[in-house]
Amino acid sequence: MDIPEMSMALAQTQTLNEVSIAVLSKSLDSMESAGTQMVDMMRSSMELSVNPAVGGNLDMFV
């Protein structure tokens, strides 16, 4: 393998590594956002479970 081919292979490898890191970073950001939303959802449901009066009555009209 000559020097120009090695140089091109190295540049391609570096580009692929940078793209992989960028995709991983976006994936981590997405997972962090999903985790935050899940925690918020759990907190709101815990508020309802702590308040026993919520959902205790059912109004029916005939």
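Residues numbered from 1 in each chain as written. Predicted model: local features only at pLDDT ≥ 70, side-chain atom pairs only at ≥ 80, totals over all residues. Heavy atoms only, no water.

Quick word on the overall build of the protein
Looking only at helices and strands, the protein features one helix and zero strands. Counting the 62 residues in the protein, one finds 0% classified as buried. Surface accessibility of the protein: about 6100 Å² in total, with carbon and sulfur atoms responsible for 65%. (Helix = DSSP H or I, 4+ residues; strand = E, 2+ residues; numbered from the N terminus. Buried < 20%, exposed > 50% of the residue type's maximum accessible area, 1.4 Å probe, protein only. Areas by Shrake-Rupley, 256 points an atom, 1.4 Å probe, with all protein chains shown as cover.)

A closer look at a nonpolar patch on the surface
Together, Met38, Met41 and Met42 make up an exposed nonpolar region whose accessible area comes to about 340 Å². Relative to the helices and strands, methionine 42 is located in helix H1 (residues 3–50). (Patch = residues over 30% accessible without salt bridge, like charges linked within 9 Å, V, L, I, M, F, W, Y side chains within 5 Å. Salt bridge = Lys/Arg side-chain N within 4 Å of Asp/Glu carboxyl O.)

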